[in-house]
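Each chain, letter by letter, is given below.
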There are 2 protein chains.
Amino acid sequence: MARKIAFVGVGRMGANMARRLHELGHPVVAVADSHRPNAEALAEELGCAAPTSLSDLAGMADIIITVVTDDKAMRSIFKTRKDNLLSGKTRGKIFINCATVSPKTHVEVEKLCKARKAASIEACMASSIPQARSGSLYLMVGGEKRSYSRVQKLLSELSSTMTYIGPAGQAASVKALVNMVMNINTAALAEGLGLGDALGIDLDVLRQVFSQTGANSRVLETDGEDMQKRDHDCYFSAAHAAKDSSIAAALGRSARLKLPLNDATVGQYKKLVDLGLGDLDKSGIAELTFKGRSAK
Amino acid sequence: MARKIAFVGVGRMGANMARRLHELGHPVVAVADSHRPNAEALAEELGCAAPTSLSDLAGMADIIITVVTDDKAMRSIFKTRKDNLLSGKTRGKIFINCATVSPKTHVEVEKLCKARKAASIEACMASSIPQARSGSLYLMVGGEKRSYSRVQKLLSELSSTMTYIGPAGQAASVKALVNMVMNINTAALAEGLGLGDALGIDLDVLRQVFSQTGANSRVLETDGEDMQKRDHDCYFSAAHAAKDSSIAAALGRSARLKLPLNDATVGQYKKLVDLGLGDLDKSGIAELTFKGRSAK
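Residues numbered from 1 in each chain as written. Chains lettered and ligands numbered in written order. Predicted model: local features only at pLDDT ≥ 70, side-chain atom pairs only at ≥ 80, totals over all residues.

A.B. asks: Before we move on, could you go through the nonpolar core and cite the residues and values that matter?
C.D. replies: Formed by 207 residues in total, the largest nonpolar core has its most connected members in Val31 of chain A together with Val31 of chain B. Aside from chain neighbours lying at most four places away, what touches Val31 of chain A is Ala6, Phe7, Val10, Ala18, Ala39, Leu42, Ala43, Cys48 and Ala50 of chain A. (Core = buried A, V, L, I, M, F, W, Y, C linked by C-beta atoms within 7 Å. Buried ≥ 20, exposed ≤ 12 C-beta atoms within 10 Å, placed from the backbone. Contact = placed C-beta atoms within 7 Å.)

A.B. asks: For helix H5 (residues 103-115) of chain A, give the residues involved together with the corresponding values.
C.D. replies: All names here are of chain A. Between its terminal C-alpha atoms H5 stretches 19 Å, which fits the 18 Å expected from 13 residues at 1.5 Å a residue. Of all the positions in H5, only Pro103, Thr105, His106, Val109, Glu110 and Cys113 are classed as buried. Buried residues along H5 cover an arc of 155° about the axis, so they all sit on one side. Opposite its buried face, H5 presents the exposed residues Lys111 and Ala115, each directed more than 90 degrees away. If you follow the buried residues of H5, they end up packed against helix H4 (71-80), strand S4 (94-97), strand S5 (119-125), strand S6 (137-143) and helix H8 (170-198). Note on H5: the residue one or two positions beyond its end, Lys117, has a positive phi of about 60°. (Helix = DSSP H or I, 4+ residues; strand = E, 2+ residues; numbered from the N terminus. Expected span 1.5 Å × (residues − 1). Arc of directions from axis to C-beta.)

A.B. asks: Give a description of the domain arrangement of chain A that names residues and reports values.
C.D. replies: All names here are of chain A. Taken domain by domain, chain A comprises domain 1 (5-167) and domain 2 (173-289). On a C-alpha basis, the centroid separation for the pair domain 1 and domain 2 is 31 Å. With 8 residues of domain 1 in contact, the opposing surface of domain 2 contributes 6 residues. Tallied by class, the residues present in the side of domain 1 that touches domain 2 amount to 5 nonpolar, 3 polar and no charged. (Domains from an automatic or database assignment. Nonpolar A, V, L, I, M, F, W, Y, C, P; charged D, E, K, R; others polar.)

A.B. asks: So what about the relation of the copies chain A and chain B? Which residues, and what values?
C.D. replies: Expressed as a screw operation, the relation of chain A to chain B combines 0.0 Å of axial shift with a rotation of 180°, fitting to an RMSD of 0.0 Å. A rotation of that kind, with that shift, is consistent with a two-fold axis. The position closest to the rotation axis in chain A is occupied by the C-alpha of Ser217 of chain A, lying 1.9 Å away. (Least-squares fit on C-alpha atoms with pLDDT ≥ 70 in both.)

A.B. asks: Describe the interface of chain A and chain B, listing the residues and the values that go with them.
C.D. replies: Counting residues at the interface gives 58 residues for chain A and 58 residues for chain B. Of all the secondary-structure elements, those providing two or more residues to the side of chain A that touches chain B are S6, strand S7 (159-166), H8, helix H9 (203-212), helix H10 (218-229), helix H11 (238-254) and helix H12 (260-274) of chain A. The element contributing the most residues to the side of chain A that touches chain B is H8 of chain A, with 19 residues. A class-by-class count of the residues in the side of chain A that touches chain B yields 32 nonpolar, 22 polar and 4 charged.

A.B. asks: Residue-level account of the sheet that holds strand S6 (residues 137-142) of chain B, with values.
C.D. replies: All names here are of chain B. The strand order across the open sheet built from 7 strands is S2-S1-S3-S4-S5-S6-S7, with neighbouring strands paired in mixed fashion. The sheet terminates laterally at strand S2 (28-32) and strand S7 (159-166), the two strands that pair on one side only. Sheet twist, expressed as the average angle between the axes of neighbouring strands with direction ignored, equals 20°. Docked against the sheet, helix H1 (residues 12-23) engages strand S1 (5-8), S2 and strand S3 (63-66), running at close to 175° with respect to S2. Each of strand S5 (119-125), S6 and S7 is contacted by helix H8 (residues 170-198), which is oriented at about 135° to S6, the strand it contacts most. (Pairing = 2+ DSSP bridges. Axes fitted to C-alpha atoms, helices over the stretch in contact; angles between N-to-C directions.)

As structure tokens, then:
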């Protein structure tokens, strides 16, 4: 018999993951969201329950997938709310936590689940809305391997690439590292193109040369032309970049490492947020480096 | 009749470019070097002259290729030495300048050459010794287009990729930008791998994830494993990185741009040089970020 699935946090990411599993024939039995209309609309669409109680929701399912916004929301649904995911029947259930939260929150949640005879794994996502809908997420998994093996097949239906990283918290760490390096490379590209522009160099030629040399990077492909043309429609916001690079900075401090490049990048993205430009795509950092652009 | 070629600066790069052209049947008629034994050895190998006078050398050739070390050496061979490349017969000759020097030196040299009825172009190289020997350099060309067209075919025999950038100085600017972005990305990678290591993450897995996500870059391919394994055999030295990133910083200052990422990168590479580790490959920057490594 197919295992029953519930979702907590059905914003655009969570809702699209639920749609994907529903479409493949998995029984999605219940959904919840801190913004209740999200849950009600999706419940109607999928023909499932939208319980107001999290312990009721957990009681209805075998697998509970959580896609909440931050550390505070994670602690809320697993611990600080009186009615939470672990306050009812929990034996044998498995929680799959997809939110971008700090490594230590994943470790804490795993401990709480174990104490209640349940299991948990983290499945950090490095992709966006369309990939959630089409089942082509990039997933980084952390937790106990035996827990992973219980949901590996299910997760493979949500992803095109999935990598097991290590114990609880390590997938979140890797995600923070990916975004840290990505954001530094983005800031680097903005400086390169901004200075090239100031020197009167044809930026089409410059981007071509970058792509053929040691300056090449994934962000050159995804953000280079956008920086040149000031097309900052948001895929991954500057505010999000500031947050993720700050998470990496905190990890660095607790490991007692100096990370001057990341510090400079955090400074740039925070500056962008302070200027009220946090909703721009991360490519918007070029507004800080190109001469004569509005941001100063 | 084939045009006669002379070389000024026949260290490993210049000598290999001369060998390549000689092998293809071009008449390499004279070579010179500030370290005279270099010139004598190559002249014997190729069966050509090794005049002590630069004006004599220029008089013997139609095309003079210069591959000297820095701005000072460039000004010396074109201007400040009493006997220089422009002090004898110069009408109709063309100079191809391959050294990594500042954009303004290229502009100055072009002016000096024009005043003596000669032409000059810059051909900046983004490759190393083996590519010089095999004629597979990456060349960025700057100068007047009509001068470029006079030597385009010859340069194509030295290169696998050649891009015309713009007026004199712009190729040097682009090279500085390429190295600036490359060095920032290298410093970023070192921070990512160093922090990952401190967090106990398997670096083989981390590099794989980086390669599949927004953290991917050319330097991940060329330097990632070397950083992990502390294999810093030199292809492009840390001292060289410090110099090139400083050139970019100076360009930024004169354009009145703020480049905080490049500033941080200059700081890291200068620190490495100060620690006596300037001869390491640029990947050696990882010695500054990994916990427990010698450099502090």
